[in-house]
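# Structure at a glance
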Amino acid sequence: MIITIARECGAGGEVVGKLLSKKFNIPFYSWETLLDMAKEKGLYDEMPTFFTEDPMNSLIYALSINSHSTQVKQAPLKILYDLLKDTDCILIGRCGNYVFRDRGDCISIFLHGEFSKRVESMSKKWKITKTEATKRIPKMDEYRALYHKFYTSEVWGMSNYYDLTINTYRLGCEKTADFIEAYIQQAAVPIYTKPTPSEDV
């Protein structure tokens, strides 16, 4: 099973992801973890922007409508798929819902929340004023939306691209994780098992 988590800035994606990791006893892959994996396998230098989830500026976004950019967009997605295709895990960001959409044991989540509450949360986390957080959070969300659009041509956060979209501030992170766990159990999502190689006789 792979659980993919897309999230608005300040919606508690990492907290929920780590809670689910404990519930299902499967690894949680943050962007830092994936970055280390990419560097270890010598993949980082080929596409650093993808693994760091850098902001997609207007120039990069413009490339997305260029027919010659198909390889630029598809190569990182294939590499991510190959990195995690044989594992049970929780993946945050990186267009995970798109990359693993055809894998039968994929559950895709989008987390969001009221802007004022996200501002309060991130001002504490970043140790900045609420005024500063009010300016920074929309930019982070815009960057994530452009990043997702660049690689998938889909609208980030649109509900029909996810199994669940949840306001984490209605339930809190712990109950959100409980809710996701209950959904997965009711949906009878299988735990992925890597196929055993056949032995030549």
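Model, not experiment: these values are computed from the prediction. (Residues numbered from 1 in each chain as written. Predicted model: local features only at pLDDT ≥ 70, side-chain atom pairs only at ≥ 80, totals over all residues. Heavy atoms only, no water.)

### So, helix 2 (residues 31-40)
Three or more residues of helix 2 are buried, namely Leu34, Leu35, Met37 and Ala38. Along the axis of helix 2, the buried positions cluster into a sector of 165°, meaning they face one direction only. Structural note: helix 2 exposes Asp36 and Glu40 on the side pointing more than 90 degrees away from its buried face. The first or second residue beyond helix 2 is Gly42, which carries a positive phi of 75°. (Buried < 20%, exposed > 50% of the residue type's maximum accessible area, 1.4 Å probe, protein only. Helix = DSSP H or I, 4+ residues; strand = E, 2+ residues; numbered from the N terminus. Arc of directions from axis to C-beta.)

### Regarding the pattern of salt bridges
Tallied over the entire structure, the rule returns nine salt bridges. The residue Asp82 makes a salt bridge to Lys85 at a minimum N-O spacing of 3.9 Å. Given the relative accessible area of 33%, Lys85 is considered partly exposed. Overlapping salt bridges bring together Glu8, Arg118 and Asp141 as one network. (Salt bridge = Lys/Arg side-chain N within 4 Å of Asp/Glu carboxyl O.)

### Looking at the packing of aromatic side chains
Here the structure, examined in full by the defined rule, presents five aromatic pairs. With 5.1 Å between their ring centres and 80° between their planes, Phe110 and Trp156 make a pair best called edge-to-face. Here Phe110, found in strand 4 (residues 106-112), pairs with Trp156, found in the loop between helix 8 (130-152) and strand 5 (164-167); they are 46 residues apart in sequence, far enough to count as distant. Through a chain of ring-to-ring contacts, the aromatic side chains of Phe110, Trp156 and Tyr162 assemble into a single cluster. (Phe/Tyr/Trp six-rings, centres within 6.5 Å; stacked < 30°, edge-to-face > 60°.)

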